[in-house]
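Fold and contact review
Now for the letters of each chain:
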Amino acid sequence: MTTILDIHNKWHKKNKCELKKTATQPVFGNGNPKAKIVFIGEAPGKDEDISGIPFVGRAGKFLNEMLEEIKLKREDVYITNTVKYRPPNNRDPLPEEIRECLPWLIEELNFIKPKVIVTLGRHALNRFFPEAKISEVHGKLLKIKIEGLKTENFFALYHPAAALYNGGMRETLIEDFKKIPLVLEK
C-alpha cells in the first residue's frame, strides 16, 4: 500500500525543479495524512530548509498558536507548500518551479482527500485561483472543480508571516482563522 512518504520520495526523485539544486533538502508535507484540513503555504524558508519540516519558523509558531485557538494541534492537520524546495534568498518561486512541483502537490492532496484546503497567502491562493486577490477573498470559502484534484473546497487566509509584521492584518487573520471550524461543518 502506498503511503504519503512513498509519494514524497517518488516525487523528490522524479522532480526536475531547479530549486532542488540550491536547497539543502526537500521539505515534505507534514502532519496527519488523513486530515480534514490541509494548509498550503508558498515555499519553505530558511528554518524549513534546515529542518525539512514546513512552518517551523516564526510563522509556524504563529500558525500553531492559531490552531490551539480552534482546539487543534499540528497532528490534527496536514501542512505543505506549493513548492517543496527553498528558493534562494527566500525569493518567490518562479512559475516554472511551481509548475514542476504541481503534480507532486496534486498527488499529495489526492492521497489525503481533505474536506478543505486552506491557502496561506496570495501565492498559495493564486496557485488555484490565479485571478483572485487575497484582500478580497480572505476569510471566505471558495469552491472550484480543478481537473485531477478531488477537493473542491478552499479557504483563503493571509499568510502568517505577513501578519507578524502588520498588526491589523494579524487581527484579521486571527478572526478569519476562527471561521475554520464553521467551514468544516458546511
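All of the points below concern the structure found in this document.

**Structural notes on the side chain of Glu-48**
By the secondary structure assignment, Glu-48 is in helix 2 (residues 46–51). Of the side chains bearing the opposite charge, Arg-86 lies closest to the buried Glu-48, which forms no salt bridge; the N-O distance is 7.0 Å. Excluding anything up to four places from it in sequence, Glu-48 contacts Val-27, Ile-53, Pro-54, Phe-55, Val-56 and Gly-57.

**Quick look at the sheet that holds strand 5 (residues 141–143)**
Across a sheet, paired strands are connected by hydrogen bonds in the backbone, their directions being either parallel or antiparallel. Taken in spatial order, the six strands of this open sheet run 1-3-2-4-6-5, and their pairing is mixed. Each edge of the open sheet is held by one strand with a lone partner, namely strand 1 (30–31) and strand 5. Here strand 1 runs beside strand 3 (residues 78–81); their pairing, made up of two bridges, is antiparallel. Paired with Gly-31 across the two strands is Tyr-78, which belongs to strand 3. Against the sheet, helix 4 (residues 95–112) makes contact with strand 2 (37–41), strand 3 and strand 4 (116–120), and its axis sits at roughly 170 degrees relative to strand 3, the strand it touches most.

**Section: the packing of aromatic side chains**
Enumeration according to the criterion identifies five aromatic pairs in this entry. Geometrically, the ring pair formed by Phe-39 and Phe-177 is stacked, given 5.7 Å between the ring centres and 10 degrees between the ring planes. Of the two residues, Phe-39 sits in strand 2 while Phe-177 sits in helix 8 (residues 167–177), which places them 138 residues apart along the sequence. Owing to a relative accessible area of 1%, Phe-177 belongs among the buried residues under this scheme. Considering the side-chain rings of Phe-128 and Phe-154, the 4.8 Å spacing of their centres and the 40 degrees angle between planes classify their relative orientation as tilted. Taken as a pair, Phe-128 in helix 5 (residues 122–128) and Phe-154 in strand 6 (residues 153–157) lie far apart in primary sequence, 26 residues in all. Assessed through its relative accessible area of 0%, Phe-154 is described here as buried.

How each quantity is defined
Residues numbered from 1 in each chain as written. Predicted model: local features only at pLDDT ≥ 70, side-chain atom pairs only at ≥ 80, totals over all residues. Heavy atoms only, no water. Helix = DSSP H or I, 4+ residues; strand = E, 2+ residues; numbered from the N terminus. Buried < 20%, exposed > 50% of the residue type's maximum accessible area, 1.4 Å probe, protein only. Lys, Arg positive; Asp, Glu negative; His and termini not counted. Salt bridge = Lys/Arg side-chain N within 4 Å of Asp/Glu carboxyl O. Contact = heavy atoms within 4.5 Å. Pairing = 2+ DSSP bridges. Axes fitted to C-alpha atoms, helices over the stretch in contact; angles between N-to-C directions. Phe/Tyr/Trp six-rings, centres within 6.5 Å; stacked < 30°, edge-to-face > 60°.

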